[in-house]
Amino acid sequence: MSTPLRTTVIGSYPFPAWLEFATGHLDAFGSDDIAEMLDDAVAIAVKDQVDAGLDAISDGEQTRLDFNLSFYGFLEGLAPEPPSRRRFGPPGHDQRGKHAVLGDLAAPRGLGTVADFRRLTRLAPAGVRLKASVPGPYTLSGRLVPGGRYRDRWAVAEALVPIVRDELAALAAAGCEEICLDEPSMSCYAHREDPTRFVALFNDTVASVHGRVRLSTHLCFGNFKGRAVAPRSYACLFPAFLEAHVDQLHVEMASREFAELDIIGTIARRMDVAVGIIDVKSYYIETPEDVAARVRRCLTFAPPERLAFAPDCGLSQTARWAARPKLANMVEGVRRVRAELGLP
Ligand SMILES: [Zn+2]
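It should be emphasised that the depicted structure is a prediction, and the values quoted were computed from it without experimental measurement.

Q: Can you walk me through the sheet that holds strand β7 (residues 144–145) in this structure?
A: Strand pairs in the sheet, formed through backbone hydrogen bonds, run parallel or antiparallel to each other. Pairing in this open sheet of three strands is mixed, and the strands run β3-β4-β7 from one edge to the other. Edge positions in the sheet fall to β3 (76–80) and β7, since each of these pairs with one other strand and no more. Pairing between strand β4 (residues 99–106) and β7: two bridges, direction parallel. Each bridged residue has a counterpart across the sheet, and for H99 the counterpart in β7 is L144.

Q: What am I meant to see in the nonpolar core here?
A: The tendency in soluble globular proteins is for nonpolar side chains to be buried as a group. Within the largest apolar cluster, 89 residues are counted, with the highest numbers of intra-cluster contacts made by I179, V251, V273, V275 and F309. Looking at this core element by element, the count peaks at eight residues for helix α5 (residues 153–173). In contact with F309, not counting residues within four places along its chain, are L5, T7, A274, V275, I277, V295, M330 and V334.

Q: Any chance you could explain helix α3 (residues 113–123) here in plain terms?
A: Three- or four-residue spacings in an α-helix give side chains the same orientation, since the helix completes a turn every 3.6 residues. Along α3, the positions that sit buried rather than exposed are T113, D116, F117 and L120. For α3, the angular spread of buried residues about the axis comes to 100°, placing them on one side. In this fold, the buried residues of α3 make contact with α2 (31–52), β5 (129–130), β6 (132–135) and α5.

Q: Mind showing me how you'd approach the pairing of strand β12 (residues 307–311) here?
A: Side chains on a regular strand alternate between the two faces of the sheet. Among the five residues of β12, five are classified as buried, and the element is accordingly described as predominantly covered. Sheet topology places strand β11 (residues 272–278) next to β12; five bridges connect them, and they run parallel. The residue of β12 that forms the bridge with A274 is A308. Each parallel crossover has a hand, and for β11 linked through helix α9 (residues 288–299) to β12 it is right-handed.

Q: What is the right way to read the packing of α5 against helix α7 (residues 195–205) from this model?
A: In a pair of packed helices, the angle between the axes and the distance between the axes together describe the arrangement. As a packed pair, α5 and α7 sit with axes 8 Å apart at the nearest point and diverge in direction by 30°. Considered as vectors, α5 and α7 are oriented roughly parallel to each other. Residues A157, V161, V164 and R165 of α5 form the contact with α7, whose own contacting residues are L201, D204 and T205. For the contact of α5 with α7, the residue count by class is four nonpolar, one polar and two charged.

Q: Looking at this model, I keep getting lost on the environment of Y13. Mind explaining?
A: Examined against the element boundaries, Y13 turns out to sit in the loop between β1 (6–7) and α1 (17–23). Y13 sits 307 residues away from R320 along the chain, and the two C-alpha atoms are 7.9 Å apart. Beyond its immediate stretch of four places on either side in the chain, Y13 contacts A45, D48, G60, E61, Q62, L315, S316 and A323.

Q: I keep staring at the environment of R197 and nothing clicks. Help me out?
A: The residue R197 is located in helix α7 in this model. The class for R197 is partly exposed, based on 15 C-beta atoms found within 10 Å. Spatially, the C-alpha atom of R197 lies 38 Å from that of R324, the residues being 127 residues apart in sequence.

Thresholds, definitions, all that
- Residues numbered from 1 in each chain as written.
- Predicted model: local features only at pLDDT ≥ 70, side-chain atom pairs only at ≥ 80, totals over all residues.
- Pairing = 2+ DSSP bridges.
- Helix = DSSP H or I, 4+ residues; strand = E, 2+ residues; numbered from the N terminus.
- Core = buried A, V, L, I, M, F, W, Y, C linked by C-beta atoms within 7 Å.
- Buried ≥ 20, exposed ≤ 12 C-beta atoms within 10 Å, placed from the backbone.
- Contact = placed C-beta atoms within 7 Å.
- Arc of directions from axis to C-beta.
- Right-handed = clockwise from strand over helix to strand, strands pointing away.
- Axes fitted to C-alpha atoms, helices over the stretch in contact; angles between N-to-C directions.
- Parallel < 35°, antiparallel > 145°, perpendicular 65-115°, else oblique.
- Nonpolar A, V, L, I, M, F, W, Y, C, P; charged D, E, K, R; others polar.

Treat this as a map of the structure, not an account of what it does.
Structure (structure tokens):
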């Protein structure tokens with residue numbers, strides 16, 4: 001259990017406009033230029049989150065500039081796939097970049113999150129709680145086309161397990177005390193896969209850090225370009241996911257108008273539950289009173305010491321002008337309920 005009614009984020013935060021522009025022109029920059037750019041971007045994401053008053057912050061995933069600078073650039077055994085087959089029309093998940101698996105999957109340099117965590121530690125004010133986010137093997141495998149000796153997505157995901165497990169251990173060794181292993185692909189596809197198999201894969205991945213760091217997972221229904229990609233129900237994940245080796249499970253509730261909210265009571269009997277209480281897909285800015293009412297509703301299902309609050313997903317697909325007040329109002333709304341309950 002943690003601080004009652006804790007406020008936190010899912011990893012990502014919108015890029016500043018100049019960073020997004022630079023992402024399309026990375027060839028124009030030298031490596032020192034890019035290092036400086038990443039520091040500046042993380043400093044901005046940190047400032048916005050600290051200003052909002054969150055109990056735990058991330059680096060905003062500002063360094064995951066493109067497919068290659070994110071995890072896939074650290075993986076051996078891949079070849080780029082040609083550009084997506086649909087390039088026009090409304091944005092959708094079929095337009096996300098993919099890589100083909102050709103050889104043995106390996107990450108001899110790790111996946112880069114340790115350097116990201118060190119940067120965040122260097123740039124964040126002292127005393128602020130920091131968290132690192134790492135995509136889980138099943139989620140990572142969704143953008144890899146099976147090939148070579150890996151015949152299907154499960155084989156690719158299983159090959160990624162030791163790579164991610166080592167990454168988590170390296171993060172813990174670097175002093176990271178809070179890690180979110182993101183597995184939204186599991187919540188997206190639990191309706192057609194065996195959820196107990198997901199949990200076994202998850203527990204195998206976190207075996208290196210379970211019980212040593214505060215571990216959470218993020219289970220949403222997709223947010224690429226603000227779009228979902230799944231039947232948005234958590235029913236098929238449970239009770240299997242109660243066996244996941246995590247301290248906190250995050251569920252997307254705001255964009256679903258708090259459907260199945262009773263599930264947080266089920267989760268809270270076994271672990272902390274972080275409730276997505278801010279709709280990252282909507283440009284309606286939740287007021288502090290909206291947030292306070294939602295928190296009170298959650299308290300009818302779970303005790304304060306089991307509850308944390310966050311946006312539904314990372315904020316990378318939400319414009320920064322909206323992300324900033326959404327976070328600030330989330331913190332203020334939770335603060336009002338804390339005051340009502342006499343909590344610190
Ligand atoms: Zn998400």
